[in-house]
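Here is how the chains run, residue by residue.
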Amino acid sequence: VKNLTVENAEVTVTDGTSLAIGGVVGYNMGSVDHVTLKGNSVITGNNCTGGIVGGNNNSVTNCSAENVTVIVIGDNEFEENHIVQADVAECGGLVGGGFGGTIDNCSASGTVKAEGNEPVGLGGIGGCLEMMDSITNCTADVTIESANGGHAIGGLCGYAGTHSNPDVCLETEGFSTKNYPSVIDNCKITVSIKADGATHVGGLIGTGLYYYGEETVFKVTNCSVTGSIDGAVTPGTVAGRAVGSVIESCDADILIDGVHADNQIGTTSCMYESADQ
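Residues numbered from 1 in each chain as written. Predicted model: local features only at pLDDT ≥ 70, side-chain atom pairs only at ≥ 80, totals over all residues. Heavy atoms only, no water.

Draft legend 1. Quick peek at the overall build of the protein chain. Helix and strand counts for the protein chain stand at one helix and 33 strands. Taken over the C-alpha atoms alone, the protein chain extends approximately 40 × 40 × 35 Å along its principal axes. Counting across all 277 residues of the protein chain, residues that qualify as buried make up 58%. Sequence-distant contacts, at least 24 apart, represent 82% of the contacts inside the protein chain between residues at least 6 apart. Carbon and sulfur atoms form 44% of the exposed surface of the protein chain, whose accessible area is close to 10200 Å². Within the protein chain, the 33 negative side-chain charges are centred at a point lying 10 Å from the centre of the 8 positive side-chain charges. (Helix = DSSP H or I, 4+ residues; strand = E, 2+ residues; numbered from the N terminus. Buried < 20%, exposed > 50% of the residue type's maximum accessible area, 1.4 Å probe, protein only. Contact = heavy atoms within 4.5 Å. Areas by Shrake-Rupley, 256 points an atom, 1.4 Å probe, with all protein chains shown as cover. Lys, Arg positive; Asp, Glu negative; His and termini not counted. Charge placed at Lys NZ, Arg CZ, Asp CG, Glu CD.)

Here it is, written out as structure tokens:
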């Protein structure tokens, strides 16, 4: 899908078993290039809900979601210190849930919000950008709101990273990753996160994902983030949790609960787990 402009899209999906809901593409396994969503667009769903693309495992390039509102509905419940990838999940300004592929030179502005209990994976560009080889040259200017807790929330993406063994994805998902760690480079984010009681919260990235025996990792370079985080539990200015990950040459100017913060990485103690474990 390429060279397309969509205005004033309204997509509303309330069936609790649905997934891959997008303003232009439900699920991308090919390429989405030079697609713009503009006007007053509202995209609503419960799983893999994104401004332009709902679910993705290939290429998204040169796309822009302008002034979009993306809403995830429904409720999750977690036992204490046992947070597992769930059905009410993955809500992003551009892409809802990405598992594989790349995103380059894309932007998003507007609001990403969850109305239910304990949502997972909220982000300005993508809710889930997991097992993706690279997210590069992207910008976002978003407000992210979670009414009742939540996990894996970030101005760029809720969670990201790749596994050290590329054959894990090949065997379980049908594709092989190319980069370890996942590349996140030259992204510029402005964000206001309002998420009382949420964990795994970062100005740029929420967290990696515990997947087949290890936490996935990312390498963040040449990125910047400005804005605020309010109400979250032990957030970081860049990442909420980043075990084994690398953060280099990044600038963060974040107020946490109204106070300028210097800690790039949060102190979240519990892992965020894949449902496949």
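Once the structure has been displayed, the description carries forward.
Draft legend 2. Spotlight on the nonpolar core. Grouped together as the largest cluster of nonpolar side chains are 62 residues, with contacts concentrated most on L94, I103, L156 and I184. Residue contacts for I184: discarding those within four places in its chain leaves I135, L156, A160, I205, F218, K219, V220, T221 and C223. Core analysis: the next-biggest nonpolar cluster, separate from the first, contains 15 residues, I83, Y159, C169 and Y211 among them. (Core = buried A, V, L, I, M, F, W, Y, C linked by side-chain atoms within 4.5 Å.)

Draft legend 3. Region of interest: the side chain of T49. Counting through the fold element by element, T49 comes out in strand β7 (residues 47-50). With relative accessibility at 0%, the residue T49 sits in the buried group. Residues contacting T49, with those up to four places away along its chain left out, are I21, I43, T44, G54, V70, I71, E90, C91, G92 and G96.

Draft legend 4. Spatial organisation of the sheet that holds strand β20 (residues 151-154). In space, the six strands of this open sheet follow the order β3-β7-β12-β16-β20-β24, with parallel pairing throughout. Whereas interior strands pair on both sides, the edge strands pair on one side only; in this sheet they are β3 (21-22) and β24 (199-202). When β20 meets β24, the two strands line up parallel, connected through three bridges. Opposite G154, over in β24, you have G202 as the bridge partner. (Pairing = 2+ DSSP bridges.)

Draft legend 5. Structural detail: unusual backbone geometry. Along the chain, Y180 connects to P181 via a cis peptide bond; the corresponding omega equals 0 degrees. With respect to the helices and strands, the residue P181 is situated in the loop between α1 (166-172) and β22 (182-185). Located in the positive-phi region is N3, a residue other than glycine, with phi close to 55 degrees. Note that N3 resides in strand β1 (residues 2-7). The backbone of N62 sits at a positive phi, close to 55 degrees, despite the residue not being glycine. Relative to the elements of secondary structure, N62 occurs in the loop between β9 (59-61) and β10 (64-72).

Draft legend 6. Quick look at the environment of C106. Counting through the fold element by element, C106 comes out in the loop between β14 (102-104) and β15 (107-117). Considered as a pair, C106 and G30 are 76 residues apart in the sequence and their alpha carbons are 17 Å apart. Each residue touching C106, except ones within four places of it in the same chain, is listed here: V60, T61, N62, C63, L94, I125, N137, C138 and T139.

Draft legend 7. Structural context of the packing of aromatic side chains. Within the structure shown, the criterion is met by three aromatic pairs. Aromatic pair F99 and F175: ring centres 5.9 Å apart, planes at 85 degrees, arrangement edge-to-face. In this pair, F99 is assigned in strand β13 (residues 95-99) and F175 in the loop between α1 and β22, connecting sequence segments 76 residues apart. Between Y211 and Y212, the aromatic rings sit 4.8 Å apart at their centres with planes inclined by 80 degrees, giving edge-to-face as the arrangement. (Phe/Tyr/Trp six-rings, centres within 6.5 Å; stacked < 30°, edge-to-face > 60°.)

Draft legend 8. Representation of the sheet that holds β13. A sheet is described by the order of its strands in space; here six strands give the open sequence β4-β8-β13-β17-β21-β25, paired in parallel fashion. Edge positions in the open sheet fall to β4 (25-28) and β25 (205-207), since each of these has one partner strand only. Strand-to-strand, the axes of this sheet are offset by a mean angle of 20 degrees, without reference to chain direction. Where β13 lies against strand β17 (residues 126-130), four bridges are found, and the strand directions are parallel. Bridge pairing in β17 links F99 to E130. (Axes fitted to C-alpha atoms, helices over the stretch in contact; angles between N-to-C directions.)

Function cannot be inferred from these measures alone, as they are strictly geometric.
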